[in-house]
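So you can see what is in the structure, the chains are spelled out below.
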Amino acid sequence: MRRPAILLSLFVPLLAAGCTQSATPVAAPSPTAAVTPTAAVTLKGAGRFTDADTAAIAYDRKLAPAGSQASLTAESIGGRTTSSLVVEGLLPKRTYGAHLHTNPCGAKPDDAGPHFQHHGKSASAANEVWLDVTTDAEGTGRATARNDWALEPGHLPRALVIHAQPTTSTGPSAGTAGSRVACLTLN
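Report follows, based on the coordinates. (Residues numbered from 1 in each chain as written. Predicted model: local features only at pLDDT ≥ 70, side-chain atom pairs only at ≥ 80, totals over all residues. Heavy atoms only, no water.)

### A short note on the sheet that holds strand β7 (residues 141-147)
- Read across the sheet, four strands follow the order β1-β3-β4-β7 without closing on themselves; strand pairing throughout is antiparallel. Two strands lie at the open edges of the sheet, namely β1 (41-48) and β7, each paired on one side alone. The average undirected angle you get between the axes of adjacent strands in this sheet is 5°.
- Bridging between strand β3 (residues 69-77) and strand β4 (residues 80-88) involves nine bridges; their strand directions are antiparallel. (Pairing = 2+ DSSP bridges. Helix = DSSP H or I, 4+ residues; strand = E, 2+ residues; numbered from the N terminus. Axes fitted to C-alpha atoms, helices over the stretch in contact; angles between N-to-C directions.)

### Concerning the packing of aromatic side chains
- If you walk through the whole model with that rule in mind, you get one aromatic pair.
- With 6.2 Å between their ring centres and 45° between their planes, Phe116 and Trp149 make a pair best called tilted. Of this pair, Phe116 sits in the loop between β5 (95-101) and β6 (133-134) while Trp149 sits in the loop between β7 and β8 (159-163); the two residues are 33 residues apart in sequence, bridging distant segments of the chain.
- On the accessibility criterion, Phe116 (2% relative accessible area) is buried.
- Exposure remark for Trp149: the relative accessible area of 8% places this residue in the buried category.
- The positively charged end of Arg94 is found above the aromatic ring belonging to Tyr96, 5.4 Å away from the centroid. (Phe/Tyr/Trp six-rings, centres within 6.5 Å; stacked < 30°, edge-to-face > 60°. Buried < 20%, exposed > 50% of the residue type's maximum accessible area, 1.4 Å probe, protein only. Lys NZ or Arg CZ within 6 Å of the ring centre and 35° of its normal.)

### Describing the side chain of Ser68
- Assignment of secondary structure puts Ser68 in the loop between β2 (56-58) and β3.
- Owing to a relative accessible area of 0%, Ser68 belongs among the buried residues under this scheme.
- At 2.7 Å, the side chain of Ser68 and the backbone oxygen of Pro65 are in polar contact.
- Contacts of Ser68, omitting those with residues within four sequence positions, involve Arg48, Phe49, Arg61, Glu88, Gly89 and Leu90. (Polar contact = N/O pair within 3.5 Å; in protein donor to acceptor, adjacent residues only side chain to side chain. Contact = heavy atoms within 4.5 Å.)

### Quick look at the pattern of salt bridges
- Under the counting rule described, the total for this entry stands at two salt bridges.
- Across the pair Asp51 and Arg61 runs a salt bridge, and its minimum N-O distance is 2.9 Å. With Asp51 in the loop between β1 and β2 and Arg61 in the loop between β2 and β3, the pair connects residues that are 10 residues apart, well separated along the chain.
- Here Arg80 makes a salt bridge to Asp148, at a shortest N to O gap of 2.6 Å. Remark: Asp148 occurs in the loop between β7 and β8 and Arg80 occurs in strand β4; sequence separation between them is 68 residues.
- Judged by its relative accessible area of 46%, Arg80 is partly exposed.
- Residue Asp148 is classed as exposed on the basis of its relative accessible area of 61%. (Salt bridge = Lys/Arg side-chain N within 4 Å of Asp/Glu carboxyl O.)

### Some words on the environment of Val87
- Looking at where Val87 falls in the secondary structure, it is placed in strand β4.
- Taking the relative accessible area as the measure of exposure, Val87 reaches 0% and is therefore buried.
- Residues Val87 and Ser71 lie 16 residues apart in sequence; the distance between their C-alpha atoms is 6.6 Å.
- With near-sequence residues (within four places) excluded, Val87 lies in contact with Gln69, Ala70, Val133, Thr135, Gly139, Thr140, Gly141 and Ile162.

### Re the environment of Gln117
- The topology assignment puts Gln117 in the loop between β5 and β6.
- For Gln117, a relative accessible area of 18% puts it in the buried group.
- Separated by 39 residues in sequence, Gln117 and Leu156 have C-alpha atoms that sit 9.2 Å apart.
- In contact with Gln117, not counting residues within four places along its chain, are Ser122, Ala123, Asn127, Glu128 and His155.

In short, the description is geometric, and any link to function would need to be established separately.
Structure representation (structure tokens):
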């Protein structure tokens, strides 16, 4: 009855060979292959709009009255970004444009820089985060934007700017929304 021992002596090396890694090199991804970040990125900002605190600052008290406030969360998971805005105390029954911008808020409205763009130079709801918000009778409103791209560490928006008018979505003035009313710095 040496057969089982002989078979076992032939079978064990085959099992061991099947468990080793192949020496065949694996091709590296091409430089143009899409890379999807695996880490989640979350940005937040909240506050009452003041006249001096650049973390949440009002530039136009007629359109962002004393006591008005906002909060924003932008979260990227699985290659998609969802941004949610809540405003309170703004003028009732009015639509404001709102966008993410490249720089933190500052003492002057233009300190927040231009609109944050995912890639490229096109002003569109697909390449930027547009959160136009319409307030109710009490001046409260909510807006959500969903983008099919992820926020990338090293290339993040730093502020939310609320504008005086709704965002123009087409034509040569696409992306414009009037003067800057208030700004919220994001962390």
